[in-house]
Amino acid sequence: MCGIFGMIGDSNTTKLLMQGLKRMEYRGYDSSGICIVDNNEFIRRRAVGELSNLEPLVVNLPNAECGIAHTRWATHGPPTEDNAHPHMSPKLDVAVVHNGIIENEVELRKELSSIDKNIIFKSDTDSEIIAHLLSNEIKNSGLDLKKSKDEEFISCWKKVIDKLEGSFALAVILKGRNDFILFARKFAPLVISHDGNKGILASDVSCIVGITDKVHYLEEGDWGLINKNGLKIFNIDGDLVEKEPKKLEWTLGDAELGGYPTFMLKEIYEQPRVVRDCLRGRLSREKIKGVSIPFNPRLLRIVGCGTAYNAGLLARYYIEQLSKIPVILDHAHEFRYGAPSGPKSLVIGISQSGETADTLAAIQAAHERGYPTLGIVNVESSTIARNVDTMIGIRAGPEIGVASTKAFTGQVLGGLLVAMKLGQDSKNFHREDLSYFDRHARMLPTSIERMLNDQNIKTKLWEAQQYFVDKNHAFFLGRNTSYPIALEGALKLKEISYIHAEGYAGGELKHGPLALVEEGTPIVVIASEGSSHKKLLGNAREVAARGAKVILITHQEDELADSHADLVIKVPRTHDLLQPLLYNIICQLLSLNIAEERGCNVDRPRNLAKSVTVE
Ligand code: AGP
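The present account deals with the structure reproduced in this document. (Residues numbered from 1 in each chain as written. Predicted model: local features only at pLDDT ≥ 70, side-chain atom pairs only at ≥ 80, totals over all residues. Heavy atoms only, no water.)

A short note on the pairing of strand 8 (residues 180-186)
Convention followed: Buried, partly exposed and exposed residues are distinguished by accessible area as a fraction of the type maximum, computed with a 1.4 Å probe on protein chains only: under 20%, between the cut-offs, and over 50%, respectively. Segments assigned H or I by DSSP are reported as helices when at least four residues long, segments assigned E as strands when at least two residues long, and all are numbered from the N terminus. Any two strands with at least two DSSP bridges between them are considered paired.
By the criterion of burial, strand 8 is predominantly enclosed, with six of the seven residues buried. Two strands pair when backbone bridges link them, and strand 7 (residues 168-174) and strand 8 are joined in this way by five bridges, in the antiparallel orientation. Note on strand 8: the bridge partner recorded for Ala171 is Phe183. What sits between strand 7 and strand 8 in their antiparallel hairpin is a turn of five residues, with Gly176 showing a positive phi close to 75 degrees.

Structure follows, in structure tokens:
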């Protein structure tokens, strides 16, 4: 998804705009640009590809006091300089940056063409239309671009916003006016901040941390104007609203590597802290606290995408096991196609960013069906967090690497807390069970730390990595609670190393996938519990008999392991409900090592964005 950034009132605006773009790189992009107001002119620079292509074009620009910037992830039109933002009106009197999709762009293009038959659109994008529209509104209003007061442009801006359908986070500047920026948000996040001297607006807080520590999280439909003295925020009905700023959730340390070579590695190593923070004040030997379930559901629905979906699958196993309540799991983007059936359900939406359009749409569909919703979310100021009826923040801290790692651990723990709460309420999960779990949960961070620093495991990971050299296909197998880890492990490998990796339940092998196994195929088998583990070891023998190279990830007390794999990686033993988390961290490290060996950018894999805010 794209990223927008705007600044006003700081004499270092040009430099800070470039710093902001750098901070937003993790969102994924394929072109970028900035536009500043210098005297009576716009100065715009745009470039395709990495920010390093834009930097030389900006290095000698004046510092300016007002400007906007953008990282584009191409949706309408290829990544070219003409399609890069900021976009301008034909008269070059309006510049706009946009994140989202204008769904009525065709109708608006026709409207503009009917006004001016000779109109020329310089780009393939939907965003450019916004600059045309505002320029026309200003002309029709008779306002003087040089002399009219900033507030006089508000009504023109409102007319433009009212024409737009779809999703948008917008920042707009006018030629020769370094005294204000217009903004609007609808179904695309936008934060805004003002310290009395300078104003900032951004798609996410990563680019403003270190500049300010108070932000306004704009609501759906909010729009307005920010100038050097302050800001005016209007709601969707056009009423001026007073908002109290909130403390920024991020610290400067979160937005930086802190000595690690990649954000992904940093975030893998943050998982002991995530376990502590996520469970803090919620888990005790007597009961689960701080987890409010809106009612006593007889059926649960879980929705999520990607890693969040995989965490939801594990949560499903936990909830059914501990509370005996049935759970239906859907990919969020498929949930809306189902017909509402059965008893009133509690719908649980899982999302790290809290901005995934498909998951937000599923939450909204749930509300339309009269279903209460619970969010398991990392970014507690996000749109999903503010739209659900109740929310569990996983407290993983900002996750910058596109491949989700620590958030998965937090999401699974969030699902476990829900499962134990429901289990307690339904009298299926007793105090002694909880007390036993609590003892292991308190030791889990130390077990993870030991595992992350275990030289023997590092050596085994290096050996395992050799099985993937020059390979383009791999499989991850699991059963029961390790099946979600097989899916997650495969997702991690494919999204950062570009090896085609699939996760399967071991029982599925004979029903087709076994045909794909050939000499040297790397297959990661993730241990399960009880009887399903023995079946999984049987799967390991099956694939080995067909030439596969089997890597078995299991725990230290597994006495059968060594005779069932080419390579065995043993992790500390913990509670059955927590064991999958340790296995998953090994999969994260394995994928990271393989991807780096293949020269891939693990923090910003090709084609992917950190949060998919478009459907
Ligand atoms: C995970 O590694 C992926 N980057 C992706 O699948 C992600 O989990 C998915 O897009 C959901 O994002 P969310 O948790 O922010 O909703």
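Topic: the packing of helix 13 (residues 431-452) against helix 17 (residues 579-597)
Under the convention used in this document: The angle between two axes is taken between their N-to-C directions and runs from 0 to 180 degrees, where each axis is a line fitted to C-alpha atoms and a helix contributes only its stretch in contact. Oblique is the label for any angle not covered by the other classes, which are roughly parallel (under 35 degrees), roughly antiparallel (over 145) and roughly perpendicular (65 to 115). In this scheme, a crossing is called left-handed if the near helix is turned counterclockwise away from the far one by less than a right angle; it is called right-handed if the turn is clockwise. Note on contacts: a residue pair is in contact if any heavy atoms of the two residues lie within 4.5 Å. Asp, Glu, Lys and Arg are counted as charged, while Ala, Val, Leu, Ile, Met, Phe, Trp, Tyr, Cys and Pro are counted as nonpolar; the rest, among them Gly, fall into the polar class.
Where helix 13 meets helix 17, the axes come as close as 11 Å, and the angle between the chain directions of the two elements is 30 degrees. It follows from the interaxial angle that helix 13 and helix 17 lie roughly parallel. Crossing handedness for the pair helix 13 and helix 17: right-handed. On helix 17, the residues that touch Leu444, Ile448, Met451 and Leu452 of helix 13 are Leu581, Leu582, Ile585, Ile586 and Leu589. Residue composition of the contact of helix 13 with helix 17, grouped by class: nine nonpolar, no polar and no charged.

What to know about the environment of His564
Relative to the assigned elements, His564 resides in the loop between strand 24 (549-555) and strand 25 (567-571). Owing to a relative accessible area of 13%, His564 belongs among the buried residues under this scheme. Between the alpha carbons of His564 and Ser382 there is a distance of 46 Å; along the sequence they are 182 residues apart. The residues contacting His564, other than those within four sequence positions of it, are Leu537, Ala540, Arg541 and Val550.

Describing helix 1 (residues 13-23)
The buried fraction of helix 1 amounts to eight of the 11 residues, a majority that puts the element mostly inside the structure. Where helix 1 is concerned, the buried positions are Thr13, Thr14, Leu16, Leu17, Met18, Gly20, Leu21 and Arg23. Looking at the buried side of helix 1, the elements it contacts are strand 1 (3-8), strand 2 (31-38), helix 2 (55-58) and strand 4 (66-72).

Thoughts on the site of the ligand
The test is simple: Here a residue is considered near a molecule or strand provided that any single heavy atom belonging to it is located within 4 Å of it. In protein, a polar contact requires one atom able to donate a hydrogen and another able to accept it; more generally it is a pair of N or O atoms within 3.5 Å, and residues adjacent in sequence count only if both atoms are side-chain atoms. Computed with the Shrake-Rupley method and a 1.4 Å probe, the accessible areas treat only the protein chains shown as cover for residues. For each structure, a 1 Å grid was placed over the protein atoms alone; sets of points admitting a 1.4 Å probe that cannot get out are labelled cavities, open sets with protein on both sides within 12 Å along at least five of seven lines are labelled pockets, and lining residues have an atom within 4 Å of a point. A molecule is counted as occupying a cavity or pocket when more than half of its atoms fall within 2 Å of that pocket's grid points.
Taken together, 14 residues lie around the ligand, and Ser351, Gln352, Ser353, Thr356 and Glu495 are the ones closest in. Here an oxygen atom of the ligand and a backbone polar atom of Gln352 are 2.7 Å apart. Against a free-state accessible area of 400 Å², the protein chains account for coverage of 91% of the ligand. For the ligand, the cavity whose grid points lie within 2 Å of the majority of its atoms is the largest pocket. Of all the secondary structure elements, the ones that give two or more residues to the shell around the ligand are helix 8 (306-323) and helix 15 (483-497). Per-element tally for the shell around the ligand: the top contributor is helix 8, with three residues.

Brief notes about the packing of aromatic side chains
For any pair of aromatic rings, geometry is given as the distance between the ring centres together with the angle between the planes. Note the following rule: Only Phe, Tyr and Trp rings are paired, with Trp represented by its six-membered ring, and only when their centres lie within 6.5 Å; those with planes under 30 degrees apart are stacked, over 60 edge-to-face, the remainder tilted. The rule for a charge over a ring is simple: NZ of Lys or CZ of Arg within 6 Å of the ring centre, and within 35 degrees of the ring normal.
Counted according to the given criterion, the structure contains four aromatic pairs. When the ring of Trp223 is compared with that of Phe234, the centres are 4.6 Å apart and the planes differ by 25 degrees; the resulting orientation is stacked. Residue Trp223 is located in strand 12 (residues 223-227), and its partner Phe234 is located in strand 13 (residues 231-234); the two are separated by 11 residues in the primary sequence. Accessibility classification places Trp223 together with Phe234 in one group, the buried group. Consider the rings of Phe475 and Tyr504, whose centres lie 6.0 Å apart with planes at 35 degrees: the pair is tilted. With Phe475 in strand 21 (residues 473-478) and Tyr504 in strand 22 (residues 500-505), this residue pair connects regions lying 29 residues apart in the sequence. For Phe475, a relative accessible area of 6% corresponds to the buried category. When its relative accessible area of 22% is taken as the criterion, Tyr504 is described as partly exposed. The positively charged end of Lys549 is found above the aromatic ring belonging to Tyr467, 4.9 Å away from the centroid. Here the guanidinium or amino end of Arg606 rests over the ring plane of Tyr498, the centre of that ring lying 3.8 Å away.

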